[in-house]
Amino acid sequence: MEQNNWLEEMSKQALTAQVLETNQYTQKYGLVLREEEAALLAEVRADVLREEKRVEFGQSILPKIIYAFCDSSYIYQDNYCESMARLQEIFFQYKNEMLDEITDDELLEFMREQFENVCRGDFDYLEGTCLDLFAQAIRAGYAGYQEKEGQGAFEEVDIVKRWDRELYLEALMDLF
């Protein structure tokens, strides 16, 4: 047990250093993580991996999540650490939900696209609607996302009618 704690602590320290290195890139978007925040994200990673019964080999997905989301319209310095923690949790949960049928990059691309364009920064909608529908489709055999590497895949599995100009005009006409 002592050795496992030592190995886990070394992993957390290495991830903390990797996360701090991302500051060189993210600072141009006004996002910088302090050492305590990077250590907290490493701790969250360890907890989520245990909870989801997952193992990561090689480099953690967290730096990729940071690079994918650092220029988001909905992430700013005040919610940066919390957002990265939440995205990390969502990522691992849906890797399991999708039975590892989707690559990390495809999942990140899908998450990023939905977060910006459909969810408008709402983590609950990303997790509870967009990713849930997508995971159901993947478990049912949908593979259309592979051709597009996760881009534009949601429209094919979305069952929610979106509010758009035509729908607005139709509703307006029904009122009069």
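Above this text sits the structure in question.
Here goes a summary of the coordinates provided. (Residues numbered from 1 in each chain as written. Predicted model: local features only at pLDDT ≥ 70, side-chain atom pairs only at ≥ 80, totals over all residues. Heavy atoms only, no water.)

Some words on the overall build of the protein
Turning to step 1, where the next piece is worked out: When its secondary structure is counted, the protein shows 10 helices and 0 strands.
Turning to step 2, where the next piece is worked out: Across the protein, helices and strands are ordered from the amino to the carboxyl terminus as α-α-α-α-α-α-α-α-α-α.
Turning to step 3, where the next piece is worked out: Across the protein, every contact between residues at least 6 apart in sequence was considered, and the portion connecting residues at least 24 apart equals 65%.
Turning to step 4, where the next piece is worked out: Split by element, the accessible area of the protein, about 10,400 Å² in all, is 49% carbon and sulfur. (Helix = DSSP H or I, 4+ residues; strand = E, 2+ residues; numbered from the N terminus. Contact = heavy atoms within 4.5 Å. Areas by Shrake-Rupley, 256 points an atom, 1.4 Å probe, with all protein chains shown as cover.)

Here's the deal with the side chain of R45
Turning to step 1, where the next piece is worked out: Assignment of secondary structure puts R45 in helix α3 (residues 35-52).
Turning to step 2, where the next piece is worked out: Not counting the four nearest positions on each side in its chain, R45 is found in contact with S11, L15, E56, S60 and Q88.

Concerning α3
Turning to step 1, where the next piece is worked out: The end-to-end C-alpha separation of α3 is 26 Å, in line with the 26 Å expected for 18 residues at 1.5 Å each.
Turning to step 2, where the next piece is worked out: Of the residues one or two after α3, K53 is the one with positive phi, at around 55 degrees. (Expected span 1.5 Å × (residues − 1).)

Brief notes about the packing of helix α6 (residues 104-117) against helix α7 (residues 123-139)
Turning to step 1, where the next piece is worked out: Relative orientation of the contacting elements α6 and α7 amounts to 130 degrees, with a least axis distance of 10 Å. As judged from the angle between their axes, α6 and α7 are oblique. Here the hand of the crossing between α6 and α7 comes out right-handed. Where α6 abuts α7, its residues L107, F110, M111, Q114 and F115 lie against F123, L126, C130, L131 and F134. (Axes fitted to C-alpha atoms, helices over the stretch in contact; angles between N-to-C directions. Parallel < 35°, antiparallel > 145°, perpendicular 65-115°, else oblique. Left-handed = near helix turned anticlockwise from the far one by under 90°.)

A short note on the packing of aromatic side chains
Turning to step 1, where the next piece is worked out: Evaluated as defined, the whole model comprises 8 aromatic pairs.
Turning to step 2, where the next piece is worked out: An angle of 40 degrees between the planes, with centres 5.0 Å apart, marks the rings of F115 and F123 as tilted.
Turning to step 3, where the next piece is worked out: Looking at F123, the relative accessible area reads 14%, which means it is buried.
Turning to step 4, where the next piece is worked out: When the centroid spacing of 6.2 Å and the interplanar angle of 70 degrees are considered together, the rings of F134 and Y142 count as edge-to-face.
Turning to step 5, where the next piece is worked out: Assessed through its relative accessible area of 18%, Y142 is described here as buried. (Phe/Tyr/Trp six-rings, centres within 6.5 Å; stacked < 30°, edge-to-face > 60°. Buried < 20%, exposed > 50% of the residue type's maximum accessible area, 1.4 Å probe, protein only.)

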